[in-house]
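Structural characterization, general
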Amino acid sequence: MVTRQSELLRVLDQMARELPSPEWVALVDENGLIVACIPDQPAIEQERISAMTAASLIMADRVLAEIEGGQTRYTSIAGSRRQLLTVVLSRERLLALGLGPEVPAQATFAALTRWVPEILAVLKRSFVAG
């Protein structure tokens, strides 16, 4: 049976195949909880991914408010070993990508442009409980 969860995992998996070697692709809700994640056992614990995704958005919102930069679209926090790219899908959903430090954020835009509308469609679609 097809469920919202199975459809989200399918779409995240297909998107991950088009991204430059992601360590994880996770959908996070407004409460900072993982809705779906590829792979199911990423290199970093899911709870840490969701917490840092929420923290990155809080930081970005604060910075943008101070510089009158408008609504947050995405954040990229890069270190010497990996980076977290957080993409705002809606007020309720964030996409967290774990990438290598050498990957420029714009290298993800083609895959995001292709798959984000599908993620949003799955979230809006009604699924019948069996």
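Okay, so let's go over this structure. (Residues numbered from 1 in each chain as written. Predicted model: local features only at pLDDT ≥ 70, side-chain atom pairs only at ≥ 80, totals over all residues. Heavy atoms only, no water.)

Focus: helix α1 (residues 4–18)
- Compared with the 21 Å implied by 1.5 Å per residue over 15 residues, the 22 Å span of α1 between its first and last C-alpha is a close match.
- Tucked into the core, α1 has its buried residues touching β1 (24–29), β2 (34–38), β5 (93–99) and α3 (109–124). (Helix = DSSP H or I, 4+ residues; strand = E, 2+ residues; numbered from the N terminus. Expected span 1.5 Å × (residues − 1). Contact = heavy atoms within 4.5 Å.)

Comments concerning the pattern of salt bridges
- This structure, assessed with the given rule, holds 8 salt bridges.
- Its salt-bridge partner being R10, residue E118 comes within 2.8 Å of it at the nearest N-O pair. Placement of the pair is E118 in helix α3 and R10 in helix α1, with a sequence separation of 108 residues.
- You can call E118 partly exposed: its relative accessible area is 27%.
- The partly exposed category is assigned to R10, whose relative accessible area is 31%.
- R82 is the partner of E23 in a salt bridge, and the nearest nitrogen-oxygen pair spans 2.9 Å. Of this pair, E23 sits in the loop between α1 and β1 while R82 sits in the loop between β3 (74–78) and β4 (83–88); the two residues are 59 residues apart in sequence, bridging distant segments of the chain.
- Among the charged side chains, a network of salt bridges with common partners joins E7, R10, E118 and R125. (Salt bridge = Lys/Arg side-chain N within 4 Å of Asp/Glu carboxyl O. Buried < 20%, exposed > 50% of the residue type's maximum accessible area, 1.4 Å probe, protein only.)

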